[in-house]
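Structural features, examined
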Amino acid sequence: MGHHHHGHSHHHSTGQANKRNLLFAMLIIGSWMFIQFIGGLWTGSLALLADAVHMFNDFANLFISFLAITLAAKAATKTRTFGNHRYEVLSSLLNSVMLLVIAFFIVREAIGRFIEPEEVMGSGMIVLAFIGLLANLGAMYVLMRGDVKNNLNMRGAYLHVLSDTLGSVAAVLAGVIILTTGWYLADPILSIVIALMIALSAIRLLKDTLHVLMEGTPKYIDIDEVNAKILAIDGVKRVHDLHVWTITSGMDRLSAHVVIDADKKIDAQDVLMRANDYFQHTLHIENTTIQIERE
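Values in this document were obtained by computation on a predicted structure and should not be read as measured data.

When its secondary structure is counted, the protein chain shows 8 helices and 3 strands. For the protein chain, the α and β elements follow one another from N to C terminus as α-α-α-α-α-α-α-β-β-α-β. In terms of overall size, the protein chain is more extended than a compact globule, its C-alpha atoms giving a radius of gyration of 25 Å where 295 residues would be expected to give roughly 19 Å. For the protein chain, the spread of C-alpha atoms along the principal axes amounts to about 85 × 30 × 30 Å. Counting the 295 residues in the protein chain, one finds 47% classified as buried. When contacts within the protein chain are restricted to residue pairs at least 6 apart in sequence, long-range pairs at least 24 apart make up 74% of them. When the accessible area of the protein chain is evaluated, it comes to approximately 15,200 Å², of which 66% is carbon and sulfur surface. With 22 positive and 26 negative side-chain charges, the protein chain shows a separation of 6 Å between the mean positions of the two kinds.

With 30 residues, helix α5 (residues 152-181) should cover 44 Å at 1.5 Å per step; its first-to-last C-alpha distance of 42 Å lies within 8% of that length. Phi for G182, located one or two positions after α5, is positive at around 75°.

Bringing the confidence of the model for the protein chain into the picture now. As a general rule, the predicted coordinates of low-pLDDT regions are not to be interpreted in detail. The share of residues in the protein chain with pLDDT of 70 or more is 92%, and the mean pLDDT across the chain is 82. Taken element by element, the predicted model of the protein chain shows its lowest mean pLDDT in helix α1 (residues 2-43) (72) and its highest in helix α7 (residues 223-231) (91). Overall, residues 1-7 carries pLDDT values under 50, and its contacts beyond four positions in sequence, including any with other chains, amount to 7 contacts.

Our focus in this paragraph is the packing of helix α3 (residues 86-115) against helix α6 (residues 186-213). Contact pair α3 / α6: the axes reach a minimum separation of 8 Å and the direction vectors enclose 160°. Accordingly, the angle class assigned to the pair α3 and α6 is roughly antiparallel. Both α3 and α6 take part in a crossing whose hand is left-handed. Among the residues forming the contact of α3 with α6, the class breakdown is 24 nonpolar, 5 polar and 3 charged.

Turning our attention to the pattern of salt bridges. One pass over the structure, following the stated rule, counts 3 salt bridges. One salt bridge in this structure joins D208 and K219, with 2.8 Å as the shortest N-O distance. Of this pair, D208 sits in helix α6 while K219 sits in the loop between α6 and α7, and the two are 11 residues apart along the sequence. The exposure class of D208 is buried, given its relative accessible area of 15%. Under the relative-accessibility criterion, K219 is labelled exposed at 71%. Among the ionic pairs, R274 bridges to D270, the shortest N-O distance being 3.6 Å. Taken as a pair, R274 and D270 lie in helix α8 (residues 268-281) at a separation of 4 residues, close to a single helical turn. It is possible to trace a salt-bridge network through shared partners that takes in R155, D208 and K219.

This part covers a nonpolar patch on the surface. Together, I111, F114, I115, W183, I189, V193 and M197 line one region of the surface with nonpolar side chains, adding up to about 640 Å² of accessible area. Counting only elements with at least two residues in the nonpolar patch, the list comes to α3 and α6. Within the secondary structure, F114 sits in helix α3.

One open sheet holds the 3 strands; their spatial order is β1-β2-β3, and the pairing between them is mixed. Two strands bound the open sheet, and with one partner strand each, they are β1 (236-248) and β3 (287-294). If you compare each strand with its neighbour and ignore which way they point, the axes differ by 10° on average. Most of the contacts of α8 go to β3, to which it runs at about 150°, and overall it touches β1, β2 (251-260) and β3.

Cut-offs used in this document
- Residues numbered from 1 in each chain as written.
- Predicted model: local features only at pLDDT ≥ 70, side-chain atom pairs only at ≥ 80, totals over all residues.
- Heavy atoms only, no water.
- Helix = DSSP H or I, 4+ residues; strand = E, 2+ residues; numbered from the N terminus.
- Rg over C-alpha atoms; globule rule 2.2 N^0.38 Å.
- Buried < 20%, exposed > 50% of the residue type's maximum accessible area, 1.4 Å probe, protein only.
- Contact = heavy atoms within 4.5 Å.
- Areas by Shrake-Rupley, 256 points an atom, 1.4 Å probe, with all protein chains shown as cover.
- Lys, Arg positive; Asp, Glu negative; His and termini not counted.
- Charge placed at Lys NZ, Arg CZ, Asp CG, Glu CD.
- Expected span 1.5 Å × (residues − 1).
- pLDDT = per-residue confidence, 0-100.
- Axes fitted to C-alpha atoms, helices over the stretch in contact; angles between N-to-C directions.
- Parallel < 35°, antiparallel > 145°, perpendicular 65-115°, else oblique.
- Left-handed = near helix turned anticlockwise from the far one by under 90°.
- Nonpolar A, V, L, I, M, F, W, Y, C, P; charged D, E, K, R; others polar.
- Salt bridge = Lys/Arg side-chain N within 4 Å of Asp/Glu carboxyl O.
- Patch = residues over 30% accessible without salt bridge, like charges linked within 9 Å, V, L, I, M, F, W, Y side chains within 5 Å.
- Pairing = 2+ DSSP bridges.

Rendered as C-alpha cells:
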C-alpha cells in the first residue's frame, strides 16, 4: 500500500507545478492577445489577426488544461472510483481538435487573400509580430518547466503556444518581405505554411490521445515481453487476460490472471511478490491487479 501512495503524491506535486506554469503562461498570453487584436485591426494584417485569434484560442486552451488539472486533483468517489484523471485526457482531445479547426480556418482565409490580395502595413506588422514572438517565447519557456513530454494535457497546451510562436515568426517574415518588396502574397503564403505545421502536430497529439481513450497499451510497454517475464517466474504455467492501459499521463494500470502449477508446492504469495516486484521496479507501474489461479 505504501508504494501506491508514493506514486499518487508524485502525480500530485507535478500537477501543482503544471498548474503554476499554466497560470503564468495564461497571464503572458492573455495580456498580449488583447494588444495584438487591436494591432491587427489597425494594420489590416491577416497574419496578425490570425495570430490574435490563435492567441485567444491558446488562452482558452491553457484555461481548459488548467481546469482539467484542477478537476483531476479531486478525490475519487463511489461513482468515479478512478477519480477524475480522464479530464486531462479529454482536455488534450479538445486541444487537438481545436488546433485542426484553427489550421483549417487559416488556410481558408489565406486562399481568399490569394484571390483578392489586400494591402498590409508592413512596418506596424513587424513591430507587433516581434513583440508577440517575445510573449510566446516567454510562455513557451514557462510551460517547458512543466511536464510537456509525458503529460498529454500539458503537451496540448505547449503545442498551442508553439504553433503560435511559429505564427509570430511567420508574421515577422511576412512583414519584412512586404516592407522590402511590396509583395503582399507573402502574408497568406506564410499563413498556410504555419497552418500545415499546426495541423501536423495536432494530428500527432490526437493519435496519442485516442490511444489512451481506447485503453491502448502504453507506448513503452511490450506486451509480449511482459508476458514472457511473468511466465519466467518459477511455477507459472500460463498467463491470460493481460491488460496494460493508461488512466492519464503518468498513471498506468496493469491486470492479469496468472495460472500456477498445482502439482508443485508453489506459494501463490511468492509468485505474486515476484510479479509485483517486476511491475513496480522495471515497468514502474504502481497499481496492479493480479489474480492467481491454480491449474
